[in-house]
Amino acid sequence: MEERLQSLKDYLFTEETWIQLGLTFFKVILILLLTAIAVKFGKHIIEKVFAVRQRSPLGYSERRQNTLLKLLQNVLTYVIYFSAIIAILTTFGIKVAGLLAGAGIVGLAVGFGAQSLVKDVITGFFIVFEDQFAVGDQVQIGTANGIVQEIGLRTTKVKSYTGELHIIPNGSILVVINYSIYNSLALIDISIAPENDIPSMEKNIEEFLEGLPNRYEELVKTPSYLGVQSFDASEIVVRFTAETLPTKQNSIARKIRRDLIEFFELKGIKIS
Amino acid sequence: MEERLQSLKDYLFTEETWIQLGLTFFKVILILLLTAIAVKFGKHIIEKVFAVRQRSPLGYSERRQNTLLKLLQNVLTYVIYFSAIIAILTTFGIKVAGLLAGAGIVGLAVGFGAQSLVKDVITGFFIVFEDQFAVGDQVQIGTANGIVQEIGLRTTKVKSYTGELHIIPNGSILVVINYSIYNSLALIDISIAPENDIPSMEKNIEEFLEGLPNRYEELVKTPSYLGVQSFDASEIVVRFTAETLPTKQNSIARKIRRDLIEFFELKGIKIS
Amino acid sequence: MEERLQSLKDYLFTEETWIQLGLTFFKVILILLLTAIAVKFGKHIIEKVFAVRQRSPLGYSERRQNTLLKLLQNVLTYVIYFSAIIAILTTFGIKVAGLLAGAGIVGLAVGFGAQSLVKDVITGFFIVFEDQFAVGDQVQIGTANGIVQEIGLRTTKVKSYTGELHIIPNGSILVVINYSIYNSLALIDISIAPENDIPSMEKNIEEFLEGLPNRYEELVKTPSYLGVQSFDASEIVVRFTAETLPTKQNSIARKIRRDLIEFFELKGIKIS
Amino acid sequence: MEERLQSLKDYLFTEETWIQLGLTFFKVILILLLTAIAVKFGKHIIEKVFAVRQRSPLGYSERRQNTLLKLLQNVLTYVIYFSAIIAILTTFGIKVAGLLAGAGIVGLAVGFGAQSLVKDVITGFFIVFEDQFAVGDQVQIGTANGIVQEIGLRTTKVKSYTGELHIIPNGSILVVINYSIYNSLALIDISIAPENDIPSMEKNIEEFLEGLPNRYEELVKTPSYLGVQSFDASEIVVRFTAETLPTKQNSIARKIRRDLIEFFELKGIKIS
Amino acid sequence: MEERLQSLKDYLFTEETWIQLGLTFFKVILILLLTAIAVKFGKHIIEKVFAVRQRSPLGYSERRQNTLLKLLQNVLTYVIYFSAIIAILTTFGIKVAGLLAGAGIVGLAVGFGAQSLVKDVITGFFIVFEDQFAVGDQVQIGTANGIVQEIGLRTTKVKSYTGELHIIPNGSILVVINYSIYNSLALIDISIAPENDIPSMEKNIEEFLEGLPNRYEELVKTPSYLGVQSFDASEIVVRFTAETLPTKQNSIARKIRRDLIEFFELKGIKIS
Amino acid sequence: MEERLQSLKDYLFTEETWIQLGLTFFKVILILLLTAIAVKFGKHIIEKVFAVRQRSPLGYSERRQNTLLKLLQNVLTYVIYFSAIIAILTTFGIKVAGLLAGAGIVGLAVGFGAQSLVKDVITGFFIVFEDQFAVGDQVQIGTANGIVQEIGLRTTKVKSYTGELHIIPNGSILVVINYSIYNSLALIDISIAPENDIPSMEKNIEEFLEGLPNRYEELVKTPSYLGVQSFDASEIVVRFTAETLPTKQNSIARKIRRDLIEFFELKGIKIS
Amino acid sequence: MEERLQSLKDYLFTEETWIQLGLTFFKVILILLLTAIAVKFGKHIIEKVFAVRQRSPLGYSERRQNTLLKLLQNVLTYVIYFSAIIAILTTFGIKVAGLLAGAGIVGLAVGFGAQSLVKDVITGFFIVFEDQFAVGDQVQIGTANGIVQEIGLRTTKVKSYTGELHIIPNGSILVVINYSIYNSLALIDISIAPENDIPSMEKNIEEFLEGLPNRYEELVKTPSYLGVQSFDASEIVVRFTAETLPTKQNSIARKIRRDLIEFFELKGIKIS
């Protein structure tokens, strides 16, 4: 016991120890500074390169470039930070490579525990590689619905209509619904009183629908009347659809409904 | 410490270093250019070959060929891009083969993390191989319902009726419901007031149904009256079915319901 | 750099290279042709063999033979196509056996990724081996309910009543409900007004039920009256059951309900 | 290329090849015949042995013997058929033992894919070994409710009341509910109008319950009145329970409810 | 071919073969007899030992001893039966130990398939060891609610109030709810008409509650009035709680509700 | 056969055998006695040590000490009992260490089967180590809500308000909700008739809320009026919140509601 | 037997044994003291360092620093405590490193059991590294919604609005919803009686909305009227949205609704 205390004492109060400590501290500070500079400088270069490419005739679509710009900055940050962490650990005398190659219980636990991290990176890579969605698209991933803000190496960020930011690990992204690729279709169901005359009501609705594209430019073509969705003694539900520019279906539907109330009042069609 | 800084300095400010950097940069640009050309050229050739086959007497159905055309282009893109990535990594001096064969913690994590990628490819291969569905079919996969746009090596794209594009990893496709193979059946339930005379009502309905196939060519045969689905003191629900061409059941049902309202009014049958 | 370009040039513009490419192309075409012929010929032979067996005194039931016919054709297609794929890969100089035996990260990923494929085949084998269901049976598997169209090595195809084709990987088949083995039982609940006299109502219903088997041959025996399922101040719910031929319960129930409305009107029993 | 075609030709058109093919074909037919005979003969012997045991004084209960009879026949079928498959594969020159011992990617995939098969057999073994349920018992397993028809090595078959046959892999059997071991208890809730006098109503109900065991022999003892389950301004819900023979609770409850309606009318108790 | 048939013939028709068969048969019978005797004898001894211990001053609670008695008999049965099975397999010349130590595909499949069996035994051991519940306790495990009948090495048996026996593999027991350890609490909500005067109503209820413990001995102490749970224009819901002996809360609540109806009528408090 | 029986006989009827049996029996009894004494003595010492520490100036909070006291007793019991089990097994000549190190099928199955046991212990350790909750806290774990009774090495015991004891394996504890750390907030929604004048109603409510903290000491500060939660033609729902001591929110909310009814009657505010 | 007891006696009653025991006890006490001091001192230093950095021009945002401060203290505590545990185990002569490297059954079980621990730490690291959320943010993780109190190495603590503390293992954090990054949007639906004149109502609402930003400074800009969400014979539902500062949407919505009631009364718009 006493010998150990003595050796501890010898270790603590030698000049050598303190010089080494100071050097290590200095090295760590240096690594941190270099890391901060490298990240800033790297991000700047990536932005410059993309600014050049945007003018090039060969380049990708603008939509794709925003995605790649953010992703490359994200990847760069990871690479630099991890290099810094390994550098610092090496400064403290810890051999990272040896740790990672070691098997046994620890290896088993780490290997299994890290599998979802690896899955995140692989899935993230394919999302960008296959251009499933890009920064600025409106998507639904699981329960998160909104505009994509960033596609990173490990997570994707989606900002919903009401302002929440959803941060989704890429590995837990299964089915992606992308609203920004094709035109959208607004489905409008109206319940009409059974005392209305059906043929004349249908003629009126057709006339109403034909007038819509002039009023709203988000309408891609004249909405089409589909028929009777259901009926009973107290109401007849009719449906029509309106093709709009991507993601505009809700705003257009609200406007059409408002116009319809006035139109029905004008024509004397009773709703139920 | 100082020696290291010195060696870093030596490394940074030699001509050799900069020449090597320039060469590497030049190689990467060359690989990227060749990749872009190869992808464009390869896709063009595949289209040509399919154009020839379409005229050949031995060939597959047109439905199948669209699927294969898109798939082969997809596979080609993967093969070329991955070759490019490996080529670039080799340029930077990273040995990919060695990495993949290495075991230890990293191998365990990557092996487990990549299993869903492998599952995607295997399942995708079987979807095409077994002709489960083709580009243009209407299918339901999980909660996604719509027209298949593309069957890729890793994902399948389905465009829903309202315009959303569903991007589904093949590995998460379990049960597939294909609507485009067989004729569809429209189920129509009508609730009738109990004061109607049942036998005469049934005769009227049968007569109505016999007149339908002349009006709608999507109807494959005369719809058939099935009987009383349920009844209580306030309503009798009767059901009939109409066999239509694939995926036309909803549009036909809407039209039949509309005709039925007029027919019931004409015959004095009361709905409830 | 230059040397590599030179060696690439040497490789591309030698006659040897082009002859080899031509030969490989010719071999691939030959393999594809032989594959197409082998599949057609093989399927034909299997059909012939089954046509012979159907007349043999020793053979399986006809229901089982349809299943086996489709399964064997399915297995044959797999075996021939996979042989063709391996042959083509060998033509390109890729050693498949070596690939499959290789361990490391790739092996781990493929082994795990392919486990659901193996599970599909094993489960498919047992479905046929244990005669769980046969082509033509009405079954429910998960949410898919319909007539079995084909039992393949990897997937089972079920066509629902409304015309959708459900393609189900065998490995995801857990509980199977088979409707075609035993007689079905129609459960009919009727809610009667409380002012009816119970004993006389019961006598009337018993009389009605005894007359049914003469009218409908799908009825296996006289339906039986069970008693009062529930009651409150506004209604008494009575239940009776009718045993029918397999899968006929819904169609018979609809007809019985229709007859019952007329019968109750005749006897003055009030429904509620 | 030509040499290969030549060697193929040599192989195809030698007498030796055809003799060997004929012999193989003959052997396969022989194995199939022997298999069919062995299965029939084996099943017969098992039935005979059980017929003897049933008379023996030492034997298991009859309920258990039915289970064992069907299980042993099932096991025998598996053993014989698998022996036949291995024999046929050996005839074609495939070494099964070597295949099963082989590791690598294929081994990993098969090992994982087959684990649910192994789990089925282990669980099936314990179901019989622990006598969890026997052929003829009414059980609920997951969503399947009905009479057990067969307990096999891999699956259990349960026939529901309405005639569907549920085929359940043993490995997916977790909690088993067995209705045939203990007496059942019918729970009957009646909602009574609040204007009834409670003490006299309770006396009447007690009197009614005492008369029941004479009428229905499935009643094990006099049903017992429990008290007020809930109440508000419009109804008082009282509950009583009736212990019946196993699985008879629903049929008895229906009969008691019917008697109760008449009894309440007689005594002037108002239901609500 | 012929040689094989010859050797088969030689093997079948030698005296040696038949003697060996007879001996094997005799051994199996002997093992089965010894097994039956050992099980009966062993169970008897365990019961005797527990009968002695029950009188000892040092022993466990009676509740615990019932559990241990049934468990030890269960364990004994397993040990003897498995010894018998291994003995019989050895008689047929199958080396079980070698089988279990064998690796390869079969080992992998069995190892994974058997893991839920091992988990059952481990969990079962801890249920008894930690005295989570004992034979006779009322528990809820998953959806099964009732009295514990037996805690075995692999399964636990719970008999529900309505008579079903739930057989639950120990490994699928996660959260256990034990009702028999602590006193239970009956929660009683009553909805009162808003025209009642609140302070006087509260005084009446307090008075009513104080009289209850004299009437029902299952009541541990005077129930306590908690206050207004919710209110709107048509009703005021008040709550009070009654602490009872374990598992008596429902039966006491029914009786208190019945008393309350009479009490409210007496005092003129209107319910709603 | 006979030789074996002979050797069995030799083994059974020697004096040596019986002496050894007696010694083994004696050792087992001794181990059991020592175990019982060690458990009692150990638990006593732990209680004494904690009694000392409670008076020490350096010690943990009392809340934490209760947890540690129960945990240490629990750990001690496990350590002593397991030592006893290994001692007994060694007495019977079974080498436990060898068993645990053995690989093969059995090792695989046990390793997988025991993983949830290991997970229980690890999670349990961190619950105590991180002071997630202590004995006496009110928590919600999954569906179990109540007061923590004991945190053991493998399970946590929570007693719900109505008296049930929930026994939860630590490994299945994911999100823990602890109610005892921070003050609670009672949310009270009241629906008011639209004919009330809003500004005067708001003034009245504010006045009412200011008077509350004097009446109830569990109220931490004056409740605050939040505004109109929703409204339509028949009611206006207003909300206010009251911060209370931990877990007192329900009891205070009941009392406030009761006061509010009287207050509204007094001020003539109509509820709806 | 006797020899063993003797050696036990020799071992227990030697002076050597007791000296060793005393030394071990002394060492454990010393380790515990040093641990307590190290934790206090370490936490203090971390706080000092952050106090310095807060004034530095280069530093992170204040929000990030709070997170890092708490995390570093958490990490420090773990490192010191685990060092202490290993030191104590070494004092008792247990070699931890050897234990962790050991394979066999125990290794398998521990490796699998510990994987969720490893996953917690990895996910926790990335939450901080990627700045997904910081201490003080309002987030939703699974069902827990509230203010982040602490992000630890293994768990994250979130305090909900009503005062519960949710303790969430980092590994079970999948999708994170962060409310504190972007402005929030209040959605307000009002149902209006159909007899109102739509254009004049719309003009009134627009006027009302324009006056709001002056009254409430949490409103970022003038709320916008969106149109008719749905309508039928009894009500027209109109919607408008109000962008507010992060997390203020509910409080603002309550105030706007209150103003609207007064405004509608003033203008004579009828709600429904």
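Residues numbered from 1 in each chain as written. Chains lettered and ligands numbered in written order. Predicted model: local features only at pLDDT ≥ 70, side-chain atom pairs only at ≥ 80, totals over all residues. Heavy atoms only, no water.

J.: Help me understand the overall build of chain A in this model?
T.: Scanning chain A from N- to C-terminus turns up eight helices and eight strands. Here chain A holds 272 residues, and 43% of them are scored as buried. (Helix = DSSP H or I, 4+ residues; strand = E, 2+ residues; numbered from the N terminus. Buried < 20%, exposed > 50% of the residue type's maximum accessible area, 1.4 Å probe, protein only.)

J.: Please clarify how unusual backbone geometry should be interpreted in this entry.
T.: As a rule of thumb, non-glycine residues mostly have phi less than zero, and peptide bonds are mostly trans rather than cis. Backbone geometry places Thr247 of chain A, a non-glycine residue, at a positive phi of 70 degrees. Among the structural elements, Thr247 of chain A can be located in the loop between strand 8 (236-244) and helix 8 (249-267).

J.: Any chance you could explain the UniProt feature "transmembrane region" (unreviewed entry) in chain A here in plain terms?
T.: All names here are of chain A. On the UniProt side, "transmembrane region" (unreviewed entry) is annotated at positions that read residues 18-39, 71-90 and 96-118 here. The straight-line gap between the two end C-alpha atoms of residues 18-39 is 32 Å; of that span, 100% is helix and 0% is strand. Spanning residues 71-90, this segment combines 100% helix with 0% strand, and its end C-alpha atoms are found 28 Å apart. (UniProt positions renumbered as here; feature names shortened; annotations may be inferred.)

J.: Any chance you could explain the interface of chain A and chain B here in plain terms?
T.: How large an interface is tends to be reported as the accessible area lost when its parts come together. Contact residues are listed per partner, giving 50 residues for chain A and 42 residues for chain B. Buried surface at the junction of chain A and chain B, both sides included, amounts to about 4200 Å², of which 71% is carbon and sulfur. Between the two partners, chain A and chain B, sit two salt bridges. Note that Arg154 of chain B and Glu130 of chain A form a salt bridge whose closest N and O atoms lie 3.2 Å from each other. In this assembly, chain A and chain B are joined by ten residue pairs in polar contact (both at pLDDT 80 or more). Per-element tally for the side of chain A that touches chain B: the top contributor is helix 6 (residues 115-129) of chain A, with seven residues. Looking at the side of chain A that touches chain B, its residues break down into 32 nonpolar, twelve polar and six charged. In terms of strand pairing, strand 5 (residues 176-178) of chain A meets strand 4 (residues 165-169) of chain B through three bridges, oriented antiparallel. Directly across from Ile177 of chain A, in strand 4 of chain B, lies its bridge partner His166 of chain B. (Contact = heavy atoms within 4.5 Å. Buried area = accessible area lost by both parts, 1.4 Å probe. Salt bridge = Lys/Arg side-chain N within 4 Å of Asp/Glu carboxyl O. Polar contact = N/O pair within 3.5 Å; in protein donor to acceptor, adjacent residues only side chain to side chain. Nonpolar A, V, L, I, M, F, W, Y, C, P; charged D, E, K, R; others polar. Pairing = 2+ DSSP bridges.)

J.: How should I be thinking about a nonpolar patch on the surface in this particular structure?
T.: Residue and element names in this part refer to chain A. Among the surface-exposed residues, Phe25, Ile29, Leu33, Ile37, Phe41, Ile45 and Val49 lie close enough to one another that they form a single nonpolar patch of about 690 Å² accessible area. Within the secondary structure, Leu33 is located in helix 2 (residues 15-55). By relative accessible area, which is 43% here, Leu33 ends up partly exposed. (Patch = residues over 30% accessible without salt bridge, like charges linked within 9 Å, V, L, I, M, F, W, Y side chains within 5 Å. Areas by Shrake-Rupley, 256 points an atom, 1.4 Å probe, with all protein chains shown as cover.)

J.: Quick question: what am I supposed to make of the pairing of strand 6 (residues 184-192) of chain A here?
T.: Residue and element names in this part refer to chain A. Most of strand 6 sits inside the fold, with seven of its nine residues counted as buried. Examined bridge by bridge, strand 6 and strand 8 share nine bridges and lie antiparallel to one another. What sits directly across from Ile192, in strand 8, is Ile236.

J.: Any chance you could explain the relation of the copies chain A and chain B here in plain terms?
T.: Here two copies of a chain appear, and what relates them is a rotation about an axis with a shift along it. Rotating chain A by 51 degrees and moving it 0.0 Å along the rotation axis overlays it on chain B with an RMSD of 0.1 Å. When the interface residues of chain A are mapped onto chain B, a mere 10% of them are again interface residues, pointing to distinct binding faces. (Least-squares fit on C-alpha atoms with pLDDT ≥ 70 in both.)

J.: Quick question: what am I supposed to make of the side chain of Thr244 of chain B here?
T.: All names here are of chain B. Looking at the secondary structure, you find Thr244 in strand 8 (residues 236-244). Residue classification places Thr244 among the buried residues on the basis of a relative accessible area of 0%. Within the local environment of Thr244, its side chain forms a polar contact with the backbone nitrogen of Gln249, the two atoms lying 3.4 Å apart.

J.: Teacher, can you tell me more about the sheet that holds strand 7 (residues 224-231) of chain D here?
T.: Spatial ordering of the open sheet is given by 6-8-7 (chain D), a layout of three strands whose pairing is antiparallel. At either end of the open sheet lies a strand with only one pairing partner, and these are strand 6 (184-192) and strand 7 of chain D. Averaged over all pairs of adjacent strands, the angle between their axes in this sheet comes to 25 degrees, without regard to strand direction. In the packing of helix 7 (residues 198-215) of chain D onto the sheet, contacts are made with strand 6, strand 7 and strand 8 (236-244) of chain D, and the angle to strand 7 of chain D comes to roughly 140 degrees. Those strands touched by helix 8 (residues 249-267) of chain E are strand 7 and strand 8 of chain D, and its axis lies near 65 degrees from that of strand 7 of chain D. (Axes fitted to C-alpha atoms, helices over the stretch in contact; angles between N-to-C directions.)

J.: Can you help me understand the pairing of strand 3 (residues 155-160) of chain A in this one?
T.: One face of the sheet, then the other: side chains in a regular strand alternate in exactly this way. Residue and element names in this part refer to chain A. In terms of residue burial, strand 3 counts as a mostly covered element, since five of its six residues are buried. Two strands pair when backbone bridges link them, and strand 3 and strand 4 (residues 165-169) are joined in this way by five bridges, in the antiparallel orientation. Directly across from Thr155, in strand 4, lies its bridge partner Pro169. Two successive antiparallel strands, strand 3 and strand 4, enclose a turn made up of four residues, where Gly163 displays a positive phi of approximately 105 degrees.

J.: Whenever I open this one, the interface of chain B and chain C confuses me. Can you help?
T.: In this complex, chain B contributes 50 residues to the contact, which on the side of chain C involves 42 residues. Buried area between chain B and chain C, summed over both chains or domains, comes out near 4200 Å², and the portion from carbon and sulfur atoms is 70%. Of all residues in chain B, Phe129, Tyr182 and Phe231 of chain B give up the largest surface area on contact with chain C, accounting jointly for 15% of the area buried on that side. Counting the contacts that link chain B with chain C gives two salt bridges. Where Arg258 of chain C meets Glu202 of chain B, a salt bridge forms, and the shortest distance between an N and an O atom there is 2.6 Å. There are ten residue pairs in polar contact (both at pLDDT 80 or more) connecting chain B and chain C. With seven residues, the top contributor of residues to the side of chain B that touches chain C is helix 6 (residues 115-129) of chain B. Taken together, the residues of the side of chain B that touches chain C break down into 32 nonpolar, twelve polar and six charged.

J.: Quick question: what am I supposed to make of the pattern of salt bridges here?
T.: Opposite charge on two side chains permits them to pair, given that their charged atoms come into close proximity. All names here are of chain D. Applying the stated criterion to the full structure yields 63 salt bridges over all chains. For Asp120, the salt bridge goes to Arg154, with nearest N and O atoms at 3.1 Å. Taken together, the residues Asp120 in helix 6 (residues 115-129) and Arg154 in the loop between strand 2 (144-151) and strand 3 (155-160) connect sequence positions 34 residues apart. Residue Asp120 is classed as buried on the basis of its relative accessible area, which comes to 5%. Taking the relative accessible area as the measure of exposure, Arg154 reaches 7% and is therefore buried.

J.: Looking at this structure, I do not really get the packing of helix 7 of chain D against helix 8 of chain E. What am I missing?
T.: Describing two packed helices takes the angle between their axes plus the distance from one axis to the other. Close contact between helix 7 of chain D and helix 8 of chain E brings their axes to 11 Å; oriented N to C, the two are set at 140 degrees. Counted together, Ile198, Pro199 and Glu202 of chain D of helix 7 of chain D and Arg258, Ile261 and Glu262 of chain E of helix 8 of chain E form the full contact between these two elements. Counted by class, the contact of helix 7 of chain D with helix 8 of chain E contains three nonpolar, no polar and three charged residues.

J.: Teacher, can you tell me more about the packing of aromatic side chains here?
T.: Geometrically, a pair of aromatic rings is defined through the distance of the ring centres and the angle of the planes. Enumeration over the complete set of coordinates arrives at 84 aromatic pairs over all chains. When the ring of Phe126 of chain B is compared with that of Tyr78 of chain C, the centres are 6.1 Å apart and the planes differ by 45 degrees; the resulting orientation is tilted. On the criterion of chain membership, the pair formed by Phe126 of chain B in helix 6 and Tyr78 of chain C in helix 3 (residues 62-91) is interchain, its members lying in two chains. Both rings, one in Phe129 of chain C and one in Tyr81 of chain D, keep their centres 5.2 Å apart while their planes meet at 75 degrees; by these two values the pair is edge-to-face. In this pair, Phe129 of chain C is assigned in helix 6 (residues 115-129) and Tyr81 of chain D in helix 3 (residues 62-91), connecting two distinct chains. Following the ring pairs from residue to residue traces out a cluster consisting of Tyr78, Tyr81 and Phe82 of chain A together with Phe125, Phe126 and Phe129 of chain G. In this structure, Lys159 of chain B packs its charged tip against the face of Tyr182 of chain A, placed 4.7 Å from the ring centre. (Phe/Tyr/Trp six-rings, centres within 6.5 Å; stacked < 30°, edge-to-face > 60°. Lys NZ or Arg CZ within 6 Å of the ring centre and 35° of its normal.)

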